[in-house]
2 protein chains.
Amino acid sequence: MAEHNPVNVAVVGATGAVGEKIIKILEKKDLPIKELKLLSSERSAGKKVTFNNQELMVEEAQPESFSNIDIALFSAGGSISKQLAPEAVKRGAVVVDNTSAYRMADDVPLVVPEVNEADIKSHNGIIANPNCSTIQMVAVLKPIQEAFGLSRVIVSTYQAVSGAGNHANEELRTQTAQFLNNEEMTAELLPVKGDERHYPIAFNALPQIDVFQENGYTFEEMKMINESKKILHAQDLPVSATCVRLPFFTSHAESVYVDVEKDGLNVEDVWSVLNRADGVTLQDDPATQTYPTPLSATNKEDVFVGRVRKDLDSDKGFHLWVVSDNLIKGAAWNTIQIAERLIANKWL
Amino acid sequence: MAEHNPVNVAVVGATGAVGEKIIKILEKKDLPIKELKLLSSERSAGKKVTFNNQELMVEEAQPESFSNIDIALFSAGGSISKQLAPEAVKRGAVVVDNTSAYRMADDVPLVVPEVNEADIKSHNGIIANPNCSTIQMVAVLKPIQEAFGLSRVIVSTYQAVSGAGNHANEELRTQTAQFLNNEEMTAELLPVKGDERHYPIAFNALPQIDVFQENGYTFEEMKMINESKKILHAQDLPVSATCVRLPFFTSHAESVYVDVEKDGLNVEDVWSVLNRADGVTLQDDPATQTYPTPLSATNKEDVFVGRVRKDLDSDKGFHLWVVSDNLIKGAAWNTIQIAERLIANKWL
């Protein structure tokens, strides 16, 4: 991308789980960066972070921080985004926001570049990065939708603790050691920081991610449902989700059932479409026990799919197992991809 | 049950994960036992086990071991059952078999007492105990089927390692300690003992339980599908399953989607049916973050259900989260319940 004018980039939430990944990925990619500004809450300001062998000081994010910034990558929580993203836009920056603050706003594109890159163009200063569990699912649903039509989606998730941030990782690590030492486990964070009750995640499964909504679904489940419809441009597509937090650190897995519109397809037809899909890697060979797992997908950029099976009763039904690193494609890498396309398409 | 004639009971596989649980539960229950005989492979013979403050010697299981035995509880693997269950029957015992050896045989009842107790009566010497993941699901499906009709089931499982035996527990424990010490994890057992490849289960998720079948499904998935239809007397019911092994020791969880036949039901209707169901405990209150988890269900006899939600698009669709101790209701307790009903109904 060397032919493009270099840009000034700000990372908001630079010391968080996603911010750290963004900085690491920016080092490996050829985004034409003139200046990189690292921003955080007051609490983390003053920390030093290495970027391309340079030591950068993390500064407190404030409205004036965004003067001269071309692209601001936000992942410091919804309230920071609500407060500061408009300030960044006011100062001429384009914001790629990793929180749920703007995702469902009508005038904000919600983008997975392999799926709906063209939506970026219509931005009004803010582009939203979808929820991690949504991103990896739609990356697989889109090629199926295009090739065969899609009439139903039912997903059950297997989600890593890092989706709840670095403190959730620490909680899993601490509880695991407590359990192995026959000590009582202390639960103070999961399933949801700030919610009334906390349960141990180590050697357990928690069927709650984010807070409950009035309809009995969790916010995580509603995010998957509503965001998928928006990204796939399929408001009438029935999508349902059950989201479960599990005791591993990184990469979400998903058991996805789909009904397609076309009759008479077989597994090879689905394989062939997934094999050609951008950003998707098929790992599916029962004969050699080949399928993706959270550990095998960690630190990789792609979305991995295996266990593709035709439903035994429904001619139009297929089951898939979808795994991806929730901090990379589920967050940092997708954010950077949006920034790349903004620059490459001159949509800033 | 004191009014019944006391019986001689043999436990085959007395030193295994399920056998140990059977002995513990027999101590708590009032099965009228005259003599308890503990049997095992040659390898474990000679071990001593305490039962009701008595020390019993484990003997090697042989055809002659079953002379004078009224009820033989088998959980020592399929090949032992195939070899010795007919010998036990020949000598007048009724076998309750915990393996998959006889489950799908036409002349063998496959029983979850709360669901199809009457099927026990037609036994020809062998009654099969269903797969752990099947038992807890049908315990919840049956009352729904009776009240509202059932036209489709799609399940994704979250299964504990103890389903693969005590050695799998050790493997999870060892790998977990290795991971926390930054050592490489050694994988020698899971997903399937004796299969070609092994993957770490600690901090991971393995979408394979038991060996792959020619149709791309695993044997565990086919067990759930075929056994559920047999137990529910619903050969035409579409059932599909995705079975996943996870890093916790005990209790399986299941994300179950059902289509019912009746229109216009709401969550309260399903709650009310589950509240009245035998062996099922409803734990479902989003307002207080109340739902079952593997840790909360462990060492309990019931099947626990929570997260009951109506599908947002399908009037006849409901989602449920079903959790139960895989070694207790999923194996030992269900086996003992069958023995209890054999005696109480005089069906020996």
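For every chain, the first residue of the written sequence is number 1, and numbering continues from 1 along that sequence. All chains are assigned letters beginning with A, and all ligands numbers beginning with 1, in the order in which they are written. The predicted nature of this model means local features are confined to residues of pLDDT at least 70 and side-chain atom pairs, given and counted, to a pLDDT of 80 or more, with totals for whole chains, interfaces and linings taken over all residues. Here the side-chain values reflect all heavy atoms present in the structure, with hydrogen atoms and water set aside.

S.K.: Would you mind showing me how to read the overall build of chain A here?
M.R.: Each helix is a run of H or I in the DSSP string that is no shorter than four residues. Each strand is a run of E no shorter than two, and both are numbered from the N terminus. Summing up its helical and strand segments, chain A has nine helices and 14 strands in all. Put simply, the radius of gyration uses C-alpha atoms, and a globule should come to 2.2 Å times the residue count raised to 0.38. Relative to the compact-globule value of 20 Å for 348 residues, chain A shows a C-alpha radius of gyration of 20 Å, a close match. In terms of overall dimensions, chain A has C-alpha extents of about 60 × 55 × 40 Å along its principal axes. The rule is simple: take the accessible area with a 1.4 Å probe, protein chains only, and divide by the maximum for that residue type; under 20% is buried, over 50% is exposed, in between is partly exposed. Residues counted as buried form 63% of the 348 residues belonging to chain A. When checking whether two residues touch, look at their non-hydrogen atoms; a contact exists if any pair is within 4.5 Å. Across chain A, the fraction of contacts at a sequence separation of at least 24, relative to all contacts at a separation of at least 6, is 66%.

S.K.: Could you clarify how one ought to interpret the interface of chain A and chain B in this entry?
M.R.: Residue-level contacts link 64 residues of chain A with 64 residues of chain B. Simply put, the buried area is the total loss of 1.4 Å probe accessible area from both parts when two parts are fitted together. Overall, the association of chain A and chain B removes approximately 5,400 Å² of surface from exposure, summing both partners, and the carbon and sulfur fraction of that is 59%. The largest per-residue losses of area from chain A upon contact with chain B belong to Phe 203, Gln 289 and Arg 307 of chain A, which jointly make up 13% of the total buried on that side. Put simply, a salt bridge is a Lys or Arg side-chain nitrogen that is within 4 Å of an Asp or Glu carboxyl oxygen. The interface formed by chain A and chain B includes eight salt bridges. Two residues, Asp 311 of chain B and Arg 152 of chain A, come together in a salt bridge whose shortest N-O distance is 3.4 Å. The term polar contact refers here to a pair of N or O atoms within 3.5 Å; inside protein, the definition further demands a hydrogen-donor-capable atom paired with an acceptor-capable atom, and it admits residues adjacent in sequence only when both atoms are side-chain atoms. Where chain A packs against chain B, one counts 48 residue pairs in polar contact (both at pLDDT 80 or more).

S.K.: How should I be thinking about the sheet that holds strand β11 (residues 252-260) of chain A in this particular structure?
M.R.: Strands pair in a sheet through their backbones, by hydrogen bonds, and they do so in one of two ways: parallel or antiparallel. Residues and elements named next belong to chain A. Strands are treated as partners if at least two bridges between them are detected by DSSP. Strands sit in the order β10-β9-β11-β14-β13-β12 across an open sheet of six strands; the sheet is mixed. In this open sheet, the two edge strands, each paired with only one partner strand, are β10 (239-242) and β12 (280-282). The average undirected angle you get between the axes of adjacent strands in this sheet is 25°. Of the strand pairs in this sheet, β11 and strand β14 (residues 317-324) are connected by eight bridges, and their pairing is antiparallel. Looking across to β14, one finds that Val 258 is bridged to Phe 318. This element, helix α7 (residues 267-276), spans β12, β13 (303-310) and β14 of the sheet and lies at about 165° to β13. Axis lines are fitted to C-alpha atoms, over the contacting stretch for helices. Their N-to-C directions set the angle, which ranges from 0 to 180 degrees.

S.K.: Mind showing me how you'd approach helix α9 (residues 328-344) of chain B here?
M.R.: Counting along an α-helix, one turn takes 3.6 residues, and residues three or four places apart therefore face a common direction. Residues and elements named next belong to chain B. For α9, with 17 residues, the first-to-last C-alpha span of 21 Å runs short of the 24 Å given by 1.5 Å per residue. We define the bend at any residue as the angle between the axes fitted to the seven residues before and including it, ending there, and the seven starting there. Along α9, the sharpest kink reaches roughly 40°, centred on Asn 334. α9 sits mainly inside the fold: 16 of its 17 residues count as buried. After α9 finishes, the residue Lys 346 shows a positive phi value of roughly 55°. A helix is expected to span 1.5 Å for every residue after the first.

S.K.: I tried to follow the UniProt feature "binding site: phosphate" (unreviewed entry) in chain A on my own but got confused; where do I start?
M.R.: Residues and elements named next belong to chain A. UniProt positions are given in the numbering used here, feature names are shortened, and annotations may be inferred rather than shown by experiment. Under the local residue numbering, the UniProt record ascribes the feature "binding site: phosphate" (unreviewed entry) to Arg 103. By the element assignment, Arg 103 lies in the loop between β7 (94-97) and α3 (113-116). Once residues lying within four places of it in the same chain are set aside, the contact partners of Arg 103 are Asn 98, Val 108, Leu 110, Ala 128, Asn 129, Pro 130, Asn 131, Lys 223, Glu 227 and Lys 230. In terms of polar contacts, Arg 103 uses its side chain to reach the backbone carbonyl oxygen of Thr 99, at 3.1 Å.

S.K.: How do you make sense of the domain arrangement of chain A when you look at a structure like this?
M.R.: A common way to state how big an interface is: give the accessible area lost once the parts meet. Residue and element names in this part refer to chain A. Domain annotation for chain A reports domain 1 (7-130 + 331-344) and domain 2 (134-326). Facing the 23 residues of domain 1 at the interface are 20 residues of domain 2. Between domain 1 and domain 2, a total of about 1,700 Å² is buried, with carbon and sulfur atoms accounting for 58% of that surface. Linking domain 1 with domain 2 are two salt bridges. Close ionic contact of Arg 103 with Glu 227 constitutes a salt bridge, the shortest N to O distance being 3.0 Å. Here domain 1 is connected to domain 2 by eight residue pairs in polar contact (both at pLDDT 80 or more). For the side of domain 1 that touches domain 2, the secondary-structure elements that each account for two or more residues are α1 (17-28), α3 and α9 (328-344). Top contributing element to the side of domain 1 that touches domain 2 by residue count: α1, with four residues. Classification convention: Asp, Glu, Lys, Arg as charged; Ala, Val, Leu, Ile, Met, Phe, Trp, Tyr, Cys, Pro as nonpolar; all other residues, Gly among them, as polar. Residues of the side of domain 1 that touches domain 2, tallied by class, amount to 10 nonpolar, six polar and seven charged. Domain start and stop positions are those given by an automatic or database domain assignment.

S.K.: Before we go on, may I ask you to explain the sheet that holds strand β1 (residues 7-12) of chain A in this structure?
M.R.: Residues and elements named next belong to chain A. Pairing is parallel in the open sheet, where six strands are placed in the order β5-β2-β1-β6-β7-β8. Strand pairing shows two members of the sheet lacking a second neighbour, β5 (59-60) and β8 (126-128), which therefore form its edges. Pairing of β1 with strand β2 (residues 33-40), which is carried by six bridges, proceeds in the parallel orientation. By the bridge assignment for β2, Val 7 is matched with Ile 33. Its contacts with the sheet put α9 on β1, β6 (71-74), β7 and β8, and the angle it makes with β6 is roughly 165°.

S.K.: Would you mind going over the packing of aromatic side chains with me for this structure?
M.R.: The relation between two aromatic rings is expressed through the spacing of the ring centres and the mutual angle of the planes. Two rings belonging to Phe, Tyr or Trp (six-membered ring only in the last case) form a pair when the distance between their centres is within 6.5 Å. Interplanar angles under 30 degrees mark stacking, angles over 60 mark edge-to-face geometry, and anything in between is tilted. For the coordinates displayed, the defined rule picks out 15 aromatic pairs over all chains. Measuring from ring centre to ring centre gives 4.5 Å for Phe 179 of chain A and Phe 203 of chain A, while their planes differ by 40°; the resulting arrangement is tilted. Taken together, the residues Phe 179 of chain A in helix α5 (residues 166-180) and Phe 203 of chain A in the loop between α5 and α6 (219-231) connect sequence positions 24 residues apart. Exposure remark for Phe 179 of chain A: the relative accessible area of 22% places this residue in the partly exposed category. With 6.2 Å between their ring centres and 45° between their planes, Phe 212 of chain A and Tyr 291 of chain B make a pair best called tilted. You can see Phe 212 of chain A sitting in the loop between α5 and α6 and its partner Tyr 291 of chain B sitting in the loop between β12 (280-282) and α8 (294-297), one on each of two chains. The structure contains a cluster of three or more aromatic residues connected by ring pairs, namely Tyr 158 and Trp 321 of chain A together with Tyr 158 and Trp 321 of chain B. The ring centre of Tyr 217 of chain B lies 5.0 Å from the NZ or CZ of Arg 309 of chain A, which sits over that ring. Lysine and arginine charges are scored as sitting over a ring when NZ or CZ, respectively, is within 6 Å of the ring centre and within 35 degrees of the ring normal.

S.K.: Would you take a moment to explain the state of the cysteines for this structure?
M.R.: Throughout this description, disulfide means a covalent bond between two cysteine sulfur atoms. All names here are of chain A. What counts as a disulfide here is a pair of cysteine sulfur atoms lying within 2.5 Å. Considering all chains together, one arrives at zero disulfides over all chains under this definition. Its sulfur unpaired, Cys 132 is 9.1 Å from the next cysteine sulfur, which belongs to Cys 243. Residue Cys 132 is classed as buried on the basis of its relative accessible area, which comes to 13%.

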